[in-house]
Amino acid sequence: MQLYLLLTERCNLSCPSCIRGKKKKNVYLDAAAWMSVLKRNAAAFRDYQLLVTGGEPTLHPQMTEIIRASRPFFRSISINTNGVIGTWVNASDFSDIHVQVSLDGTPEMHNRMRGDGRQDVFSCVNQTIEKLGECHISYNISTTVNVQNYDNIFQMPGFIARYFNLRYWKISPELPFGCSSDEKILRPLPWNQLIDFLLDHARVRLKVRKLFDFALADRFLATHDLSEPSKTRNCGDVVNKVYVYPDLTVYPCTCLTDFPLGNLKTQSLMAIVHSARAEIFRNYTVKEDSVCAACKYLPICNGGCIGMSYHHFKELGRGDFRCPKLGKL
Ligand SMILES: C[S@@+](CC[C@H](N)C(=O)[O-])C[C@H]1O[C@@H](n2cnc3c(N)ncnc32)[C@H](O)[C@@H]1O
Ligand code: SF4
Ligand code: SF4
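Residues numbered from 1 in each chain as written. Chains lettered and ligands numbered in written order. Predicted model: local features only at pLDDT ≥ 70, side-chain atom pairs only at ≥ 80, totals over all residues.

Q: Which parts of the structure should I look at to understand the overall build of the chain?
A: Per the secondary structure count, the chain includes 13 helices and 10 strands. For the chain, whose C-alpha radius of gyration is 20 Å, the value lies close to the compact-globule estimate of 20 Å for 329 residues. Projecting the C-alpha coordinates of the chain onto the three principal axes gives extents of approximately 55 × 50 × 35 Å. For the chain, the proportion of its 329 residues judged to be buried stands at 37%. Pairs at least 24 residues apart make up 67% of the contacts formed inside the chain by residues separated by at least 6 positions. (Helix = DSSP H or I, 4+ residues; strand = E, 2+ residues; numbered from the N terminus. Rg over C-alpha atoms; globule rule 2.2 N^0.38 Å. Buried ≥ 20, exposed ≤ 12 C-beta atoms within 10 Å, placed from the backbone. Contact = placed C-beta atoms within 7 Å.)

Below you can see the structure in the form of structure tokens.
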């Protein structure tokens, strides 16, 4: 289970597709309040991985103190950063912390994806990645793909292979939330073709997931007995993942911030996750009159990403609008 903790919504970049949106609140996590949250939720946090994120988490003046204090309470800790600031990287302090650095293409493409293309963001990121490798700190590269950098990703395998000590390369499709939009995101077919190419050509470990590959789903259905109700978990269903914003409000996902579930200042995480409000997400079901209700893949999909239904159809339970069966993309 994962707990995403936003240290701040503020950022030193203005990526044109940022999932957190344009209006980033100028609020920083109160370190003292977080220490008190840690003590009150010690038993619950033992089951969670902590993912320290933002905005840009390295902008928080007490990031390292917050991580040091959180370390004993969580199964593991990861920092998700854009890599522009690398001065905090220190081998002795972070030997048991994992770091994820964003890299969205070869140098010129990364600079375009992460700003207006004029600022050399890549050189700073590259320095941070090399420092992580030299310090033997566990790290991965995360690449987000949309229609703009799609072709460029085919050039990345050789480029990525030169990074020393890289644990894995995670590649994800851009989601149409925040500053992004439906026109920028990839359809499932080109996405799945890219995954096939990378599986053949990448020389590092990959973390990837195909989208609506029905041939693969048919093979799964043919070889698995789904007569027993096996509860498929959706992204955004609160069970495997929660988001905690800098004011300590808990949400099911960063794309479901219209649904605040509670606040860790006054409530425990377990009370929030098991609240009546969270129940809609914990026991997410598709609407009886939706296309999904009659779909043979329902037992393994359960309507896909919850945020995709909410943002596109303006209600929950209508299915993931990227699905070819819904014919929307
Ligand atoms: C929101 S950022 C926060 C951490 C840090 N500022 C960074 O950029 O890595 C976390 C991850 O979300 C990814 N991301 C940003 N916008 C996205 C979108 N519209 N869809 C999917 N992923 C997105 C980023 O590329 C990054 O890997
Ligand atoms: S994706 Fe990360 S680096 Fe880019 S604006 Fe959003 S929070 Fe900042
Ligand atoms: S989103 Fe709905 S229609 Fe598409 S595969 Fe999933 S359950 Fe079936």
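Q: Sorry, what's going on with helix 8 (residues 188-201) here?
A: Given 3.6 residues per helical turn, the α-helix brings residues three or four places apart onto the same face. For helix 8, with 14 residues, the first-to-last C-alpha span of 20 Å sits near the 20 Å given by 1.5 Å per residue. Turning to helix 8, its buried residues number three or more, namely Trp 191, Leu 194 and Leu 198. Burial along helix 8 is one-sided: seen end-on, the buried residues are contained in an arc of 60°. Among the exposed residues of helix 8, those oriented more than 90 degrees off its buried face are Leu 189, Asp 196, Leu 199 and Asp 200. Against strand 5 (139-145), helix 6 (150-153), helix 7 (156-160), strand 6 (168-173) and strand 7 (206-207) lie the buried residues of helix 8. (Expected span 1.5 Å × (residues − 1). Arc of directions from axis to C-beta.)

Q: Would you mind showing me how to read the nonpolar core here?
A: One recurring pattern in soluble globular proteins is that nonpolar side chains are buried together. Grouped together as the largest cluster of nonpolar side chains are 64 residues, with contacts concentrated most on Leu 5, Leu 7, Val 52 and Val 244. Broken down by element, the residue count for this core peaks at five residues, all from helix 5 (residues 121-134). The contacts of Val 52, once residues within four sequence positions are left out, are Leu 5, Leu 7, Pro 57, Ile 67, Ile 77, Ser 78, Ile 79 and Asn 80. (Core = buried A, V, L, I, M, F, W, Y, C linked by C-beta atoms within 7 Å.)

Q: Explain the pairing of strand 5 to me, please; I cannot follow it from the model alone.
A: Note on strand geometry: in a regular strand, side chains alternate between the two faces of the sheet. With six of seven residues buried, strand 5 is to be regarded as a mostly interior element. When strand 4 (residues 98-102) meets strand 5, the two strands line up parallel, connected through four bridges. Bridge pairing links Val 99 to Tyr 139 in strand 5. Relative to strand 6, strand 5 runs parallel, the two being bridged by six bridges. Bridge pairing in strand 6 places Thr 143 opposite Ile 171. (Pairing = 2+ DSSP bridges.)

Q: Looking at this structure, how should I read the sheet that holds strand 3 (residues 76-81)?
A: Whenever strands of a sheet pair, they do so through backbone hydrogen bonds, lying parallel or antiparallel. If you trace the 10 strands from one edge of the open sheet to the other, you get 7-6-5-4-3-2-1-8-9-10, paired in mixed fashion. Edge positions in the sheet fall to strand 7 and strand 10 (262-263), since each has one partner strand and no second. Taken together, the four bridges between strand 3 and strand 4 define a ladder with parallel strand orientation. Its bridge partner being in strand 4, Thr 81 is matched across the sheet by Val 101.

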